[in-house]
Amino acid sequence: MDLKNKLKQTLRSSVRLVIEGEAEDKIGSTRFGGRPDVPKNFQWAYYEGEGFDGVTKKRPLSFIAQFNLDEIAKHDTENLLPKTGLLSFFYETDSMCGGYDPKHKGCARVYYFENPESLAPMDFPDDLDEDFRFPSVGIKAKREASYQDYADFLLQREKLLECWDDYDRAARGLKINTPDNSSKLLGWADIIQNNMTIECELISRGYYLGGAWDKVTPRDMQEAEQSSLKDWLLLFQLDTVTKDDFELMFGDCGRIYYYIRKEDLEARNFDNVWLIMQCC
């Protein structure tokens, strides 16, 4: 079987997101930024990390985005997400952790609220700096085919690829075209650096990967290579967001990626989501 057909077999459904314009002013609407819609007893999460000022302290997470799953469901053809409710994403954007250290747990949080009608907008914590209170921006969603990026495709097929050109020819044959600004729910990640599912698996086993991959045992590496692609799924990928004079960029033209274990997604358990940031 040629590479084009092998790549075609990696097809997953994703939800392409275009983040621009005015957000709908309604509780439970899909949008980036603004005040999050949450239950009355919601406790704003904090993460202890080192900010741009070089100081390590507890800092409130920034509200990133929320998705009305009633609206998203029609695009989720694999029925991976709940059909109703609100899915909300947070990230501590002062520390802006990269996700390569088990200690980064808690720098990003995902919440699932089953009953949007019981939610209300929550004011930002007093100690959340103005720079990390993001304006509301609209989000338009559409269904899109998603195929493995080169780094994921290469992971278990090294003998099939002589170079990048082999993959590129197969991708062009399927008319795969990743936009420069690429945000999405589900599908395969649009990778800037390297495969991330192995990182998620090894970090979940307690490994620090900030330049210390040589400490990973051969057995753990082999198991991660064999299982991580099917065990870990992309939940949400966010690229640079701009509106008027506002810009949120992750590192140097980077993206953040929220990954979740397949079994946790099936159980509607979003407590163990892991975030990785990649940039140029």
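### A closer look at the overall build of the protein chain
Item 1. Broken down by element type, the protein chain carries seven helices and 16 strands.
Item 2. Computed over C-alpha atoms, the radius of gyration of the protein chain comes to 19 Å, within 12% of the 19 Å expected from 2.2 N^0.38 for 280 residues, which places it in the range of a compact globule.
Item 3. Taken along the three principal axes of its C-alpha coordinates, the protein chain extends 55 × 40 × 40 Å.
Item 4. Excluding contacts between residues fewer than 6 apart, the proportion of contacts in the protein chain whose partners are at least 24 apart in sequence is 74%.
Item 5. Surface accessibility of the protein chain: about 14,000 Å² in total, with carbon and sulfur atoms responsible for 44%.
Item 6. Put simply, the protein chain has 36 plus and 50 minus side-chain charges, and the middle of one group is 6 Å from the middle of the other.

### Re the sheet that holds strand β6 (residues 62-68)
Item 1. Taken together, the ten strands give an open sheet; going across it, the order is β8-β7-β6-β2-β10-β1-β11-β12-β15-β16, and neighbouring strands pair in antiparallel fashion. Since the sheet does not close on itself, it has two edges, and those belong to β8 (108-113) and β16 (274-278), each with one partner.
Item 2. Contacts from helix α6 (residues 218-231) reach β1 (12-19), β12 (232-238) and β15 (255-261), with the element oriented near 60° to β12.

### Thoughts on the pairing of strand β5 (residues 56-60)
Item 1. In this structure, strand β4 (residues 46-50) lies alongside β5, joined through five bridges in antiparallel fashion. From the neighbouring strand, Y47 faces β5, where its bridge partner is R59.
Item 2. Where β4 folds back onto β5 in an antiparallel hairpin, the turn is made up of five residues, including G54, whose phi is positive at roughly 80°.

### Concerning the state of the cysteines
Item 1. Within the structure shown, the criterion is met by zero disulfides.
Item 2. No disulfide involves C107; its sulfur sits 4.4 Å from the nearest other cysteine sulfur, which is in C97.
Item 3. Take C107: its relative accessible area is 2%, and that puts it in the buried class.
Item 4. This cysteine, C279, is not joined by any disulfide, and C280 carries the nearest cysteine sulfur, 6.9 Å off.
Item 5. Judged by relative accessible area, which is 19%, C279 ranks as buried.

### Quick word on the packing of helix α5 (residues 197-204) against α6
Item 1. Between α5 and α6, whose axes approach to 9 Å, the crossing angle comes to 125°. As far as their axial angle goes, α6 and α5 are oblique. Crossing angle aside, the handedness with which α5 passes α6 is right-handed. Between α5 and α6, the contacting residues are T197, I198, E201 and L202 on the first element and D220, M221, A224, E225, S228 and L229 on the second.
Item 2. Within the contact of α5 with α6, the residues separate by chemical class into five nonpolar, two polar and three charged.

### Quick word on the environment of L233
Item 1. Of note, L233 is situated in strand β12.
Item 2. In this structure the C-alpha to C-alpha distance between L233 and V273, which are 40 residues apart in sequence, comes to 9.9 Å.
Item 3. Apart from residues no more than four positions distant in its own chain, L233 is found in contact with R12, Y258, Y259, I260, K262 and L265.

### Details of helix α4 (residues 164-173)
Item 1. Among all positions of α4, only D166, Y167, A170 and A171 are buried. Along α4, the residues classed as buried sweep out an arc of 130° about the axis, all on the same side.
Item 2. Contact partners of the buried residues in α4: α1 (3-8) and α3 (150-155).
Item 3. Taken from the residues just after α4, K175 is the one with a positive phi, measuring 60°.

### Details of the nonpolar core
Item 1. Residues F32, I64, F89, Y91, L235, F236 and Y258 are the most contacted members of the largest nonpolar core, which totals 55 residues.
Item 2. In this structure, F32 is in contact with I19, I64, A65, F134, P135, S136, V137, I139, L238, V241, F246 and L248, ignoring residues within four places of it in sequence.
Item 3. One finds I198, M221, W232 and Y259 within the second-largest nonpolar core, a separate group that totals 22 residues.

### Comments concerning unusual backbone geometry
Item 1. If you check the backbone angles, L186 has positive phi at about 65° while not being a glycine.
Item 2. The backbone of C253 shows a phi angle near 55°, a positive value even though the residue is not glycine.

### What about the side chain of H104?
Item 1. Tracing the chain through its elements places H104 in the loop between β7 (86-91) and β8.
Item 2. Assessed through its relative accessible area of 10%, H104 is described here as buried.
Item 3. A distance of 3.0 Å separates a polar side-chain atom of H104 from the backbone nitrogen of G99.
Item 4. Polar side-chain contacts of H104 include one of 3.5 Å to the backbone nitrogen of Y100.
Item 5. Ignoring sequence-local partners within four residues, the contact set of H104 consists of Y47, C97, G98, G99 and W274.

Reading guide: rules and limits
- Residues numbered from 1 in each chain as written.
- Predicted model: local features only at pLDDT ≥ 70, side-chain atom pairs only at ≥ 80, totals over all residues.
- Heavy atoms only, no water.
- Helix = DSSP H or I, 4+ residues; strand = E, 2+ residues; numbered from the N terminus.
- Rg over C-alpha atoms; globule rule 2.2 N^0.38 Å.
- Contact = heavy atoms within 4.5 Å.
- Areas by Shrake-Rupley, 256 points an atom, 1.4 Å probe, with all protein chains shown as cover.
- Lys, Arg positive; Asp, Glu negative; His and termini not counted.
- Charge placed at Lys NZ, Arg CZ, Asp CG, Glu CD.
- Pairing = 2+ DSSP bridges.
- Axes fitted to C-alpha atoms, helices over the stretch in contact; angles between N-to-C directions.
- Disulfide = S-S within 2.5 Å.
- Buried < 20%, exposed > 50% of the residue type's maximum accessible area, 1.4 Å probe, protein only.
- Parallel < 35°, antiparallel > 145°, perpendicular 65-115°, else oblique.
- Left-handed = near helix turned anticlockwise from the far one by under 90°.
- Nonpolar A, V, L, I, M, F, W, Y, C, P; charged D, E, K, R; others polar.
- Arc of directions from axis to C-beta.
- Core = buried A, V, L, I, M, F, W, Y, C linked by side-chain atoms within 4.5 Å.
- Polar contact = N/O pair within 3.5 Å; in protein donor to acceptor, adjacent residues only side chain to side chain.

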